[in-house]
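# Coordinate inspection notes
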Amino acid sequence: MNGKKLYRSNRDKMFLGVCGGLGEYFDVDPTLIRLGVALVRMVSCGTGLLAYFIAAIIIPQDPVL
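We now turn to the structure provided with this report. Being a predicted model, the structure only gives us computed values, none of them experimental.

### Observations concerning unusual backbone geometry
Even without being glycine, Asp27 reaches a positive phi, approximately 55°. Relative to the helices and strands, Asp27 resides in the loop between helix H1 (18-26) and helix H2 (30-43). With relative accessibility at 65%, the residue Asp27 sits in the exposed group.

### Here's the deal with the pattern of salt bridges
Summed over all chains, the structure comprises three salt bridges. Between Glu24 and Arg11 there is a salt bridge, with its nearest N and O atoms 3.4 Å apart. Taken together, the residues Glu24 in helix H1 and Arg11 in the segment before H1 connect sequence positions 13 residues apart. Taking relative accessible area as the criterion, Arg11 reaches 57% and is therefore assigned exposed. One salt bridge in this structure joins Asp12 and Arg34, with 3.3 Å as the shortest N-O distance. Note that Asp12 is positioned in the segment before H1 and Arg34 in helix H2, a separation of 22 residues in sequence.

How each quantity is defined
- Residues numbered from 1 in each chain as written.
- Predicted model: local features only at pLDDT ≥ 70, side-chain atom pairs only at ≥ 80, totals over all residues.
- Heavy atoms only, no water.
- Helix = DSSP H or I, 4+ residues; strand = E, 2+ residues; numbered from the N terminus.
- Buried < 20%, exposed > 50% of the residue type's maximum accessible area, 1.4 Å probe, protein only.
- Salt bridge = Lys/Arg side-chain N within 4 Å of Asp/Glu carboxyl O.

These values are about where atoms sit, not about what they do.
Shown next as structure tokens:
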């Protein structure tokens with residue numbers, strides 16, 4: 001195991017930090033994650049938005065600033 005944990009980002013967040021946290025976890029530019037999330041939101045008729053808010057509730061905030 002690599003010891004990484006998934007957290008919502010404090011440093012790279014636009015709204016709730018979910019995409020920034022995913023970008024940090026997977027070592028991917030968060031802008032690409034945001035574009036993917038926006039595409040899913042447009043295609044899914046609101047289900048993607050619900051999934052984003054559920055992820056924001058489930059994924060803890062990064063304790064380190």
